[in-house]
Amino acid sequence: MRFTKGHGTGNDFVILPDPDGELELTAERVAALCDRHRGIGGDGVLRVVRSAKHPEAAGQAGEAEWFMDYWNSDGSFAEMCGNGVRVFVRYLMSNDLATPGPAGLPVATRAGIMVAQVNDGSIRVRMTTPRVYAGSTATIGALTVPGVAVDCGNPHLVCNLHDGVRLAVLDLTRPPGHDPAVFPGGVNVEFVEPAEPVDGVDGHVRMRVHERGSGETLSCGTGALAVGAVALRDAGLTTGSIAVDLPGGRLIVTHDDDGVWWLEGPAVLVATGEVL
Ligand SMILES: N[C@H](CCC[C@H](N)C(=O)O)C(=O)O
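Residues numbered from 1 in each chain as written. Predicted model: local features only at pLDDT ≥ 70, side-chain atom pairs only at ≥ 80, totals over all residues. Heavy atoms only, no water.

An unreviewed UniProt entry annotates the chain as Diaminopimelate epimerase of Actinoplanes aureus. UniProt, in its Pathway (unreviewed entry) section for the chain, records the words "Amino-acid biosynthesis; L-lysine biosynthesis via DAP pathway; DL-2,6-diaminopimelate from LL-2,6-diaminopimelate: step 1/1." For the chain, the Sequence similarities (unreviewed entry) comment in UniProt is given as "Belongs to the diaminopimelate epimerase family." (UniProt positions renumbered as here; feature names shortened; annotations may be inferred.)

A. Quick look at the site of the ligand. Neighbouring residues of the ligand: 15 residues in total, closest Asn11, Gly82, Arg212, Gly221 and Thr222. One nitrogen or oxygen atom from the side chain of glutamate 211 is found 2.8 Å from a nitrogen atom belonging to the ligand. Here the ligand loses 100% of its free accessible area of 360 Å² to cover by the protein chains. At the level of secondary structure, the elements contributing two or more residues to the shell around the ligand comprise strand E4 (66-72), helix H2 (82-94) and helix H3 (221-234). Grouping the constituent residues of the shell around the ligand by class yields five nonpolar, eight polar and two charged. (Near = heavy atom within 4 Å. Polar contact = N/O pair within 3.5 Å; in protein donor to acceptor, adjacent residues only side chain to side chain. Areas by Shrake-Rupley, 256 points an atom, 1.4 Å probe, with all protein chains shown as cover. Helix = DSSP H or I, 4+ residues; strand = E, 2+ residues; numbered from the N terminus. Nonpolar A, V, L, I, M, F, W, Y, C, P; charged D, E, K, R; others polar.)

B. The arrangement of the nonpolar core in detail. Counting residues in each nonpolar core, the largest one holds 49 residues, and the members touching the most others are Leu46, Met68, Val85, Phe88, Val158, Met207 and Val244. Broken down by element, the residue count for this core peaks at eight residues, all from H3. Split by domain, the residues of this core number at least three in each of domain 1 (2-128 + 266-274) and domain 2 (131-256). Phenylalanine 88 has contacts with Leu46, Arg47, Val48, Trp66, Phe67, Met68 and Val107, leaving out every residue within four places of it along the chain. Counting 14 residues, the second largest nonpolar core, distinct from the first, contains Ile140, Cys159, Leu170 and Phe183. (Core = buried A, V, L, I, M, F, W, Y, C linked by side-chain atoms within 4.5 Å. Buried < 20%, exposed > 50% of the residue type's maximum accessible area, 1.4 Å probe, protein only. Domains from an automatic or database assignment. Contact = heavy atoms within 4.5 Å.)

C. Seen up close, the pairing of strand E15 (residues 249-255). Here strand E14 (residues 240-246) pairs with E15 via seven bridges, running antiparallel. Paired with valine 244 across the bridge in E15 is leucine 251. With antiparallel pairing between neighbouring strands as the criterion, E14 and E15 make up a hairpin whose turn holds two residues. With antiparallel pairing between neighbouring strands as the criterion, E15 and strand E16 (residues 261-266) make up a hairpin whose turn holds five residues, including glycine 259 at a positive phi of roughly 85°. (Pairing = 2+ DSSP bridges.)

D. Broad picture of the UniProt feature "binding site: substrate" (unreviewed entry) in the chain. Sites flagged by UniProt as "binding site: substrate" (unreviewed entry) map to Asn11, Asn72, Gly82, Asn83, Asn154, Asn188, Glu211, Arg212, Gly221 and Thr222. Its location among the elements puts glycine 82 in helix H2. Residues within four places of glycine 82 in sequence aside, it is in contact with Met127, Gly221, Thr222 and Leu263. Position of threonine 222 among the secondary structure elements: in helix H3. By relative accessible area, which is 2% here, threonine 222 ends up buried. Those residues in contact with threonine 222, other than ones at most four positions away along the chain, are Met80, Cys81, Gly82, Met127, Cys152, Asn154 and His156.

E. Region of the structure containing the side chain of serine 219. Tracing the sequence through the fold places serine 219 in the loop between strand E13 (215-217) and H3. Take serine 219: its relative accessible area is 0%, and that puts it in the buried class. Of note is the side chain of serine 219, whose polar atom sits 2.6 Å from the side chain of threonine 9.

F. Summary view of the environment of proline 55. Within the secondary structure layout, proline 55 lies in the loop between strand E3 (44-50) and E4. Taking relative accessible area as the criterion, proline 55 reaches 75% and is therefore assigned exposed. Residues proline 55 and glycine 21 lie 34 residues apart in sequence; the distance between their C-alpha atoms is 9.6 Å.

G. Quick look at the pairing of strand E2 (residues 11-17). Taken across its seven residues, E2 has six buried, putting it largely inside the fold. With five bridges connecting them, strand E1 (residues 2-8) and E2 associate as antiparallel partners. Within E2, the position partnered with histidine 7 by the bridge is aspartate 12. Bridge count for E2 against E3 is five bridges, and the pairing is parallel. In the sheet register, isoleucine 15 faces E3, and the bridge partner there is leucine 46. In terms of handedness, the path from E2 via helix H1 (residues 27-34) over to E3 forms a crossover that is right-handed. (Right-handed = clockwise from strand over helix to strand, strands pointing away.)

Here is the structure:
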């Protein structure tokens, strides 16, 4: 089975070309592929399958030829993967499987159609509108941090640090505690601290993330979208751009004057090989 390894700001994926949806993918096989010692290693799997050939995407086939079948590294499914869409699009174009149209390159996902606009260094993706909908808390040991629930197609809990607590001291080797009544399907938890002003954007924050189904990752695109939406709200802005620095790099979240939410960042293909 052929594979390609790629990443977006260090959020890395095993890409599996499967245009006709013939691979027998199971949670166990995905976890084995993502194992960083016994397998290829990755935060998740992106299966590249034609929308018409996948039961969860057939309804989107008229708008998007390709479906990004995203799996977390533990073999669980997720509705959406923001970094993954950029890497997926970079893969499609590098393998001459698709070319962007006038509006960009549409990709079907479990959270709906995302449209990517591609340039050499970075890709920007038209994302789902993040919905801030509840207050909740996360716990790490004896620390309790208030946060806000944000739906980006997948669930997020954005926790702004305060009282001198810094990102560097957080132990994210285990899932932070969360309220299952608010997040019955689990949640991606982001911790945020303010950062120094940066030219060209309206705000700048730093974050770390513990991802549902993958653990702490170097980056999370939908997490950055959730964090950017909260940062704009907290700044009293309805539109604007936020630079979000993650351990793996910088992503830019923009809410434009047309009401579109964009996530912009790099997408790199690292290697191609054969799974034995
Ligand atoms: N790394 C992904 C998020 C995966 C979300 C997944 N962990 C979930 O269960 O929702 C991103 O770039 O958006």
